[in-house]
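Residue-level structural notes
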Amino acid sequence: MIRTVVCEKDGCSGNEFYINGQDDKLKLRCKDCESIYYYDTNNYDFKMLSSCSSCNNNVFKVFKDLDSNNLYAKCTKCGNPPEKVFVDSDGIQVTYEAKLLHDIKDLMHQVDQRVCNLEIKVEGLERGQELLEESLAYINKYMCE
Ligand SMILES: [Zn+2]
Ligand SMILES: [Zn+2]
């Protein structure tokens, strides 16, 4: 179930936040009353930045998936998620796009490898058929003699 994150301060029911990724936490600041909330983002392989990935807005509505405990943020202006950076195993930050591109390249390489293996198999089959034809020709010749 997905729930909208709403400010819990008495008298405030703001549901628009400024977000800020800090180490393993995501800091939310209520746009209306400035209350601050921290959420664990330990299990993410990326870090959310403070501004929208598509426009420059920095106010977000935040949703929480109660099953997985994951947080999602949507720009209040255009509905896009915040800019993300991927943190690799060495702790180096790359843009999420660069990471995706890298993953796709990896995938293409695997596909390439598979096509290559297939080609080798087809070649093997062709050679097998040649051999078969040769044998048949030989048998024919033998039977005619
Ligand atoms: Zn508030
Ligand atoms: Zn936006």
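This part takes up the nonpolar core. In terms of nonpolar packing, the biggest core is built from 13 residues, with F17, I19, L28, F60, V62 and A73 touching the most fellow members. Contributions of two or more residues to this core are made by strand 2 (17-22), strand 3 (25-30), strand 5 (46-52), strand 6 (60-65) and strand 7 (71-75). Per-element tally for this core: the top contributor is strand 3, with three residues. When near neighbours in sequence (up to four residues on either side) are disregarded, L28 contacts V5, F17, I19, Y37, Y39 and V62.

Another aspect to go through is the sheet that holds strand 8 (residues 82-87). Taken in spatial order, the three strands line up as 5-8-9 in an open sheet, and their pairing is antiparallel. In this open sheet, the two edge strands, each paired with only one partner strand, are strand 5 and strand 9 (93-95). Shown here is a sheet whose adjacent strand axes are inclined to one another by a mean of 35°, direction ignored. Relative to strand 9, strand 8 runs antiparallel, the two being bridged by three bridges. Bridged to V85 within strand 9 is T95.

Calculation criteria
Residues numbered from 1 in each chain as written. Chains lettered and ligands numbered in written order. Predicted model: local features only at pLDDT ≥ 70, side-chain atom pairs only at ≥ 80, totals over all residues. Core = buried A, V, L, I, M, F, W, Y, C linked by C-beta atoms within 7 Å. Buried ≥ 20, exposed ≤ 12 C-beta atoms within 10 Å, placed from the backbone. Helix = DSSP H or I, 4+ residues; strand = E, 2+ residues; numbered from the N terminus. Contact = placed C-beta atoms within 7 Å. Pairing = 2+ DSSP bridges. Axes fitted to C-alpha atoms, helices over the stretch in contact; angles between N-to-C directions.

Purely spatial values, then, with no claim about function.
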